[in-house]
Structure formats: C-alpha cells, structure tokens
Amino acid sequence: MSELIKVGMADLKLCPKDQGITTLGLGSCVGVALVDKITRQGGLAHVMLPDSTAIRNNTNVAKFADTGVAELVRQMEAVGAKRSRMVAKIAGGAQMFAFQNNSALVKVGERNVQAVKAKLREFGIPILAEDTGLNFGRTVEFFPATGDYVIKAVGKPVKTI
Amino acid sequence: MAEFNLDNVDNMYFDVLREIGNIGAGNAATSLAKMLSTKVDMKVPRVELLDFKEVGDAMGGAEQIMAGIYLAVDGDIHGSIMFLLEEKSAHVLVSKLMGGMSMGEHEGFDEMETSALKEIGNIITGAYLNSLSELTKLTIVESIPDLTIDMAGAILSVPAVEFGMVGDKLLMIQTSFTDDVDLNGYFILVPDVPSYGKLLKALGVMQ
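All of these numbers come straight from a predicted model, not from anything done at the bench.

Criteria and cut-off values
Residues numbered from 1 in each chain as written. Chains lettered and ligands numbered in written order. Predicted model: local features only at pLDDT ≥ 70, side-chain atom pairs only at ≥ 80, totals over all residues. Heavy atoms only, no water. Axes fitted to C-alpha atoms, helices over the stretch in contact; angles between N-to-C directions. Helix = DSSP H or I, 4+ residues; strand = E, 2+ residues; numbered from the N terminus. Parallel < 35°, antiparallel > 145°, perpendicular 65-115°, else oblique. Left-handed = near helix turned anticlockwise from the far one by under 90°. Contact = heavy atoms within 4.5 Å. Nonpolar A, V, L, I, M, F, W, Y, C, P; charged D, E, K, R; others polar. Buried < 20%, exposed > 50% of the residue type's maximum accessible area, 1.4 Å probe, protein only. Buried area = accessible area lost by both parts, 1.4 Å probe. Salt bridge = Lys/Arg side-chain N within 4 Å of Asp/Glu carboxyl O. Polar contact = N/O pair within 3.5 Å; in protein donor to acceptor, adjacent residues only side chain to side chain. Disulfide = S-S within 2.5 Å. Expected span 1.5 Å × (residues − 1). Bend = angle between axes of the 7 residues up to and from the residue.

Undergrad: Give me the lowdown on the packing of helix H1 (residues 65-78) of chain A against helix H2 (residues 108-122) of chain A, citing residues and values where you can.
TA: When two helices pack together, their arrangement is given by the angle between the helix axes and the distance between those axes. All names here are of chain A. It is the contact of H1 with H2, at a shortest axis distance of 8 Å, that shows an interaxial angle of 40 degrees. In terms of axis orientation, H1 runs oblique to H2. The chirality of how H1 crosses H2 is right-handed. Counted together, Ala65, Asp66, Val69 and Ala70 of H1 and Asn112, Ala115, Val116, Lys119 and Leu120 of H2 form the full contact between these two elements. Across the contact of H1 with H2, the residue classes break down as six nonpolar, one polar and two charged.

Undergrad: Describe helix H3 (residues 87-97) of chain B, with residues and values.
TA: Note on helix geometry: an α-helix contains 3.6 residues per turn, so any two residues three or four positions apart are oriented the same way. Taken together, the buried positions of H3(B) are Ser89(B), Ala90(B), His91(B), Leu93(B) and Val94(B). Taken from the residues just after H3(B), Gly99(B) is the one with a positive phi, measuring 60 degrees.

Undergrad: I'd like a rundown of the interface of chain B and chain A, residues and numbers included.
TA: Each partner contributes to the interface: chain B provides 38 residues, whereas chain A provides 36 residues. For the pair chain B and chain A, the summed buried surface comes to about 2700 Å²; carbon and sulfur atoms form 64% of the total. Broken down residue by residue, the surface that chain B buries against chain A is led by Met151(B), Val161(B) and Met165(B), which jointly contribute 20%. Counting the contacts that link chain B with chain A gives zero salt bridges. Across the contact surface, chain B and chain A share six residue pairs in polar contact (both at pLDDT 80 or more). With ten residues, helix H5 (residues 152-164) of chain B is the single largest residue contributor to the side of chain B that touches chain A. Here the residues of the side of chain B that touches chain A are counted per class, giving 19 nonpolar, ten polar and nine charged.

Undergrad: Run through the state of the cysteines, naming residues and quoting values.
TA: All names here are of chain A. With the rule as written, the count across this model stands at zero disulfides over all chains. Lacking any disulfide linkage, cysteine 15 is separated from the closest cysteine sulfur, that of cysteine 29, by 20 Å. Overall, the relative accessible area of 0% leaves cysteine 29 in the buried class.

Undergrad: Give a detailed account of unusual backbone geometry, specifying residues and quantitative values.
TA: Residues and elements named next belong to chain A. Notably, arginine 40 is not glycine yet its phi reads approximately 65 degrees, a positive angle. Within the fold, arginine 40 resides in the loop between strand S4 (30-36) and strand S5 (42-47). Its identity is not glycine, yet leucine 134 carries a phi of approximately 60 degrees, on the positive side. For leucine 134, the location among the structural elements is in the loop between strand S7 (127-132) and strand S8 (138-143). In this structure leucine 134 comes out as exposed when scored by relative accessible area, which is 61%.

Undergrad: Break down H5(B) for me, citing the residues and quoting the values.
TA: All names here are of chain B. Between its terminal C-alpha atoms H5 stretches 17 Å, which fits the 18 Å expected from 13 residues at 1.5 Å a residue. Helix geometry: H5 is bent most strongly at valine 158, by close to 35 degrees, with proline proline 159 lying one to four residues after it. Most of H5 is tucked away, with 13 of its 13 residues classed as buried.

Purely spatial values, then, with no claim about function.
Printed below as a string of structure tokens:
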C-alpha cells in the first residue's frame, strides 16, 4: 500500500481510487469523506467551524462546514465525479473538554456535524455511516476503492464504518 | 484602533510575546520547583505562529498523546489558556508530585493522578497568567481547570477553533523544563479579539 495522502486541519484533498487518504487527530472538527460510487474518485475535508457566513475572516473555504463540503464537491466534479453518484461518511465532532467558556464555541463539534449534514442534504448526497460526537479524538483513513472509513481513537479498538 | 489580525503580526509583537513567554514560563518553573522541592531549569521558550495545516506536526505529530489542561480566562481580558504536556512528561511530574505513590509506568491516568495533573496545570498556568497580569497591570482571573488526555491534534482543535474565528493561524509558546529528565510543555493563550488590543496596548506595543 502506497503512503496515505495527508489532509491537515482546515484542509481538503482529493484521493484517486487506488489510494488512501487520512487526517489525524480530529477533535471537534469533522472529517467528511466523499466518493463517487461509479468512478470511485474520493476526497476528504477536515472542517473546523460550522458557518462561513458567521465570520468575517473566511478566505480559507476548507475551514468551514458549508464552504468546505461545497469546495470538495466542486473539486471532485472537476475531475469527473458526479454529484448524483456521491455518497458520504463522516466522523469527528467531539466535545474535547466538558466546559468551554466562549459562547460562540459551545458545542462546536455538534454544530459542525449538523452543518455538514445540512450541506450534504442540500447537495442530495446521502450519508452512509457516521461516528460522531462524544468526547475523544479520532484519526481517520478513507479508502475510496472500498468505501472503508477506518477510525482510530486512543485506548479504543480500531473501527471501520 | 485597527482590528488585530494574527495573519500579519510583526516582529515586535513576536518579541513581546517571547518575553512574556520567558517570564511566564520562568515563574511556572519556579512554582514547579517549589511544588516538587527540586531544581527545575527552563530553556528559552520558542514562540511559533503556525498555519492550521502545520498544527498537527508541531508537537511530535498529531497523534502524539498529550495531557491538555484548559482554563477559561476572565477579568480585563477574555479568552482561554491551554497547557499541554507530553504524556511521558505528565507521568513523570505526577509521580514526583505524589511522592512515588503513583503506579509508575502504566497506560493512562487514574483518578488521583488526574487530579494531580489538574493541580499541576493550575499552578503552571497560574504562574504564567500572574506574570502577564503583572506586566500589563490587567486583572486576569482563571477558571477551574479541565483536563483531557488524547491525541495532540484533537486537543489542539479546541484552541484552533478559537483562533479560527479570527484568522488561519495558531500562536503557540513551547517551553522545555528540565528536571532530571526533559519535560516538554506548550502554552497556548487565546485572548478574544478585543482582548488582543487590550493586551498589546497594555504592553505598549500598540497605541
């Protein structure tokens, strides 16, 4: 197996069907994996905030759930994928600390998940599986060829959804 | 007053931050030394402004297991402060604090070790914030600490989200303490946007 393509925080990348793509240590951020069911073209976005319109500094589209999902879909379409054939798997959106003082950030993980779901629904992209919420970090690996979304967490068995 | 933006901070601001980091971490080392009744040396801290994409690699990889201690900051400035400690360093400190009562090498932290870690975080961040408060003459109050042990990337997503509200970079102060062993810790102070202005004004960096 060749090395996995790495997606950073507030970042997104495409993944050809014969490769794998990963993002490490998702906390309240959400990892959105998309694949075209026919061409098996894949892609992964690591989004950290729910709403690009709520913030003035929003030049990095990959940072937000709404613009991040839209950009990933656009880039996949640019290499021949079709929106109508895309399916999604999502992971992350944890609440890492019990309290978080900044009111704008309360339950940001949960809101990230909701925002990603809303955007996918808008595009008519079904969510096949998810591993979201709770209070721990996740590393994810996505393999477009099989659609396997592998989730690793500290002290927990590896899970494939 | 121009709105503060981390994406174009200048060298002067960096120097000021390094100095705060220096004094703050120095105080923290002194407190640690008192608490452990040993000598604790400190290296000159590194101040780094990281792109979100690089955040994961900053602490020996996004999957490096860390203890993250998180406190809300209130008073004249608002925001939060986080102190991160490598898991190994956390184990060393806890077992020292508990006078060998800890079970030593084992996975994770039990309840007593967890509360010892919170205390360590409290003392270290308290010393750091005290210096900042003295330098700026601003009143800074910290909340009760909260602790999470997880992957660095996941813990860092919390301050990253706060930084994400104002820019695309995260500001971090790395501090190494040396006891018998090297202890690596990281401070991340996240003031909200109006507080940045207040801090810089109080430090004389900004008019």
